[in-house]
Structures are given as structure tokens and as C-alpha cells.
Amino acid sequence: MDAEQRSVFQGIVYYYRENMVNCRYQVTLKDAVDGALLQQALDAARAKAPYYFQKPVWEKKLLHLEPSDAPCPVRQGSAKPEFPDENGLIFALSYEGKVVYFDWFHFLADGRGMAPFMTMVLQFYCNLRYGTAFEGRTLETDPAYDIEDILAKYPESQVANDMQRPVVQTFEETPTCCRIRLEKAGLVDAALRCGVKPFSTLTALLCKAVQAYLDKDEVLYSYSTDARDALGAPNALYNCVASFQRKLPLTADAPLAEVAVGVDADLKENLSAERKLFRIAEQMGWVYRVYQQKASLSIKKRIFQMGEYISGFPADFWVSYLGDPFAPSSPELTRYIEDFQTWVPADGASIGLECTSLHGIITLCVKNKVPRPGFAEVLRAAFEAEGIKVLEAAELGADNT
């Protein structure tokens, strides 16, 4: 695979999905947004972040990216764009009232890849609006990793992934959204009582909530890890996610500490560089095989979806924990930020949860394809049962994506 092919392979999976996976960062500022200043900030950031201003170009059956000099106008309103947009870009910026929306096609970046750009745009906006003095370093991405090298290092990954695993039947109804806000201190206290990391405690609580909500004897969950360290690409802006699954037999009265200890042990095992690389070989091996097919995109999509489904990929829920959404972390910037939310479709699972932390509050943005109400209250009950203060448990209605 040559360098040009490597530069798109990390995200090509999102062209094979049945539905386009578009992501949204939703940032509420302390004052109403000045659209003209936001446009100036975007233009200033564009000069320092060319990676994001590329357009996908299909030639025959292969895709590559080309730099784009097309306009990228800041839009007014909260409507989500279609990608590529009229200028061929797969990133968009808009605003409404006090809220700024960063939208992008997941092909372009994962959450940690989009965070530096979002941070830069907001810093430049604050410079113009409030007279701050953020500098904004140039954002250059590390070279794309070579999947062929990883597959050669772990050939057994393709033997183990024999597509014979049982498949979880996921719900595929029209998604609804809900939002949960927790006091972070309460989650940390619960984690200390369990003797594990806060993310392990959070995942364990989600398992208990989903078990009660779906009334199942076991829960299959998936969680994402940042694999930039394992890939030797700390400054990669493209997708670098290794996702792991775990099947968890569970009863309604299972003690949280017992569940959390098991979750934590699984997480620690999978955080090593070796496990992340092996997992990338597993999950991207099938993508590579489909990518190499000399077939149209529509045929590749059908092949991919069939293979991914029977390989056991679907889960009851997945959870992604971004933590601090700004990169680099910037306490000075957060003085001007009231709220942050991130929304991603529940791709490959019945329920998808994106979690972030700001101002001592953890926000869970949930997209739920299960055709029954009440998940927000089930989550509230699970957290409050462990003494974690729930600040909000809101059913927001149908997803508008």
C-alpha cells in the first residue's frame, strides 16, 4: 500500500457503513456568538491546520484526499450539514445563539483528532472577542500507519477473527437522544470505594443500567481506546481507535464493586501497546480485505456489512470517554465555555454513549435505538443508587440526524 492509499485507509471504514457516521461537537459559550468573528477565527485556524481542509476524490475504485482552496463559510443555525458539502469539504462550522457546532464526517478524524482543531478555532475566536492572547500552534498530522505492516506482525489476528462468534441482535429503530449530567466528584468517590479507575466504575454502572433496561442475562459492551501511543503516532489527526468488546453475565443485584473490578481488569489488560496493535489488526484486517477488492463502492459496502456482522462486531452498547474535550487542556479557554456536548450515532450497537468532563460535571450524550422509553431514568437510578448526584436526566426526543 503506497503513502497515498495509507493516508485514507484509517477512515475508509466509514465509507463502508450502511449510514454515514457524522460527528458533532456542541460548545456553548458564555456570550452570544459573533458570526463574523467566528469566520475570522476559522480562517486564521485554516492557515495552521490544512489537514482538515481536504476533499475526498474518487478515481475509479480508489479514494484519495486533495487539498482544497474552496470556501468554508461559517453557517448560522443548528441544522446538520450533508457531507461532502457544496464545496467538497467534510467538515463544517455553524452557530446559533451562544452555541458553536463543529460537524465532521468520521472518515476525517476521531474525537481526539478533531479536538486540537476545535480548541484552536475557539482560542482564535476568544482572541478576537475577548482580547486573549492564545497563540495556536500549527497542526500537522503524523504519517499514516501501514496496516500491511501490522497484519504481517500479527497474522494470527486474522485466524482468531474467524467470523464464527455469536452475534448480538441489536435494535435498529429510529434513534432517540437523552443526556445525563453527573457530579464528577461522586463518580470519583464511587471509584475509590471500588478500588478502580473512574472510567471502569462508569462502564460498570452503564452495564448495570443497560442490563436492567434490556432485561438481559448478559450484556455485551464495547469501549474505545486511543491507539496513538501504540502506533507511534502521538500527533495523528486521523482515526486511531482500537475498540474492545466484553461479554458480561450480570444479575440485577450484582454489587457494583464486583462488576467494576472485572471491568477494570479487562480494561487494564487491553491498554498495553501490544494489545492495541493486535486489536487494530483484528478490526482493520477485514476492512483491508474489502478495501483491496477490485469492486465498486456499493459492492464493497455489501461485502463489508456482511462480514462485520457475522464477525460478532455488534454490541448492546458502546461507550467512548473523551474526558477533557480540549487539546491541549486549557483552563484559561474553559473560562469562556459554559457547556460541551458531543453526539455520534450509535453505530454498531443498540445504544451509543459519548462522555466528556467539564467544570466538574460529566456529561453523557446518548443515542438510543431501542424502541422503548425510560433509559434516562434507568441511568439516573443506577447512578443515584451509588450516591452519585445526577444533575440532569433528560429525554430529548428523536435524533435529527
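Cut-offs and rules
Residues numbered from 1 in each chain as written. Predicted model: local features only at pLDDT ≥ 70, side-chain atom pairs only at ≥ 80, totals over all residues. Heavy atoms only, no water. Helix = DSSP H or I, 4+ residues; strand = E, 2+ residues; numbered from the N terminus. Rg over C-alpha atoms; globule rule 2.2 N^0.38 Å. Buried < 20%, exposed > 50% of the residue type's maximum accessible area, 1.4 Å probe, protein only. Contact = heavy atoms within 4.5 Å. Areas by Shrake-Rupley, 256 points an atom, 1.4 Å probe, with all protein chains shown as cover. Lys, Arg positive; Asp, Glu negative; His and termini not counted. Charge placed at Lys NZ, Arg CZ, Asp CG, Glu CD. Phe/Tyr/Trp six-rings, centres within 6.5 Å; stacked < 30°, edge-to-face > 60°. Lys NZ or Arg CZ within 6 Å of the ring centre and 35° of its normal. Salt bridge = Lys/Arg side-chain N within 4 Å of Asp/Glu carboxyl O. Expected span 1.5 Å × (residues − 1). Bend = angle between axes of the 7 residues up to and from the residue. Polar contact = N/O pair within 3.5 Å; in protein donor to acceptor, adjacent residues only side chain to side chain. Pairing = 2+ DSSP bridges. Axes fitted to C-alpha atoms, helices over the stretch in contact; angles between N-to-C directions. Parallel < 35°, antiparallel > 145°, perpendicular 65-115°, else oblique. Nonpolar A, V, L, I, M, F, W, Y, C, P; charged D, E, K, R; others polar.

Engineer: Account for the overall build of the chain, naming residues and giving values.
Structural biologist: A count of helices and strands for the chain gives 13 helices and 14 strands. For 401 residues, the compact-globule estimate of 2.2 N^0.38 gives 21 Å, and the chain sits close to it at 21 Å. Reported as C-alpha extents along the three principal axes, the dimensions of the chain are approximately 55 × 50 × 35 Å. Sorting the 401 residues of the chain into buried and exposed places 57% on the buried side. Considering only residue pairs separated by 6 or more positions, the chain has 74% of its internal contacts joining residues 24 or more positions apart. Summed over all atoms, the accessible surface of the chain reaches about 16900 Å², with 52% contributed by carbon and sulfur. Separation between the mean location of the 42 positive side-chain charges and that of the 53 negative ones in the chain comes to 1 Å.

Engineer: Go over the packing of aromatic side chains, please, and point to the residues and values.
Structural biologist: Going through the model one piece at a time under the given rule, you end up with 25 aromatic pairs. Relative to phenylalanine 117, the ring of phenylalanine 91 lies with its centre 5.0 Å away and its plane at 80 degrees, an arrangement referred to as edge-to-face. Separated by 26 residues along the polypeptide, phenylalanine 91 in strand β5 (residues 91–96) and phenylalanine 117 in helix α3 (residues 111–130) bring together distant segments of the chain. For the pair phenylalanine 91 and phenylalanine 117, a shared accessibility class is recorded, and that class is buried. Linked through ring pairs, Tyr51, Tyr52, Phe53, Phe91, Phe102 and Phe117 together constitute an aromatic cluster. Note that lysine 30 overlies the ring of tyrosine 130, its terminal NZ or CZ placed 5.0 Å from the centroid. Over the aromatic face of tyrosine 291 sits the side chain of lysine 300, whose NZ or CZ is 5.5 Å from the ring centroid.

Engineer: Any chance you could break down the pattern of salt bridges for me, citing the residues and the numbers?
Structural biologist: Evaluated as defined, the whole model comprises 23 salt bridges. For aspartate 264, the salt bridge is made with lysine 268, and the minimal N-O distance between the two is 3.0 Å. Of the two residues, aspartate 264 and lysine 268 both sit in helix α9 (residues 256–270), 4 residues apart, roughly one turn of that helix. The class for aspartate 264 is buried, based on a relative accessible area of 4%. Each of the salt bridges in this network shares a partner with another, and the network as a whole consists of Asp110, Arg112, Asp226 and Arg228.

Engineer: Can you lay out helix α1 (residues 3–16) for me, pointing to particular residues and giving the numbers?
Structural biologist: With 14 residues, α1 should reach 20 Å at 1.5 Å per residue; the first-to-last C-alpha distance of 21 Å fits that figure. Of all the bends in α1, the greatest, near 55 degrees, is centred on glutamine 10. Within α1, 10 of the 14 residues are buried, which leaves the element mostly enclosed by the surrounding structure. Buried within α1 are the following residues: Gln5, Val8, Phe9, Gln10, Gly11, Ile12, Val13, Tyr14, Tyr15 and Tyr16. By the N-cap criterion, in which a side-chain oxygen at the helix start approaches the backbone nitrogen of a residue two or three places on, α1 is capped by aspartate 2, the distance to glutamate 4 being 3.2 Å.

Engineer: How would you sum up the sheet that holds strand β14 (residues 390–398)? Please name residues and give values.
Structural biologist: As summarised here, the arrangement of the 7 strands in space is β9-β8-β10-β12-β13-β7-β14, forming an open sheet in which the pairing is mixed. Where the open sheet ends on each side, the last strands, each with one partner, are β9 (241–249) and β14. For this sheet, the mean angle separating the axes of adjacent strands, direction not counted, is 20 degrees. Note: strand β12 (residues 349–358) against strand β13 (residues 361–368), 8 bridges, orientation antiparallel. Its bridge partner being in β13, isoleucine 351 is matched across the sheet by asparagine 368. Of the strands in this sheet, β8 (218–226) and β9 are in contact with helix α10 (residues 273–291), which crosses β9 at around 90 degrees. Helix α13 (residues 375–384) rests against β7 (176–183), β12, β13 and β14 of the sheet, and its axis sits at about 165 degrees to β14.

Engineer: Explain the packing of α1 against α10 residue by residue, including any values.
Structural biologist: As a packed pair, α1 and α10 sit with axes 10 Å apart at the nearest point and diverge in direction by 100 degrees. Considering the angle they form, α1 stands roughly perpendicular to α10. Facing Gln5, Val8, Phe9, Gln10, Ile12, Val13 and Tyr16 of α1, the residues of α10 in contact are Met284, Val287, Tyr288, Val290 and Tyr291. Split into classes, the residues belonging to the contact of α1 with α10 amount to 10 nonpolar, 2 polar and no charged.

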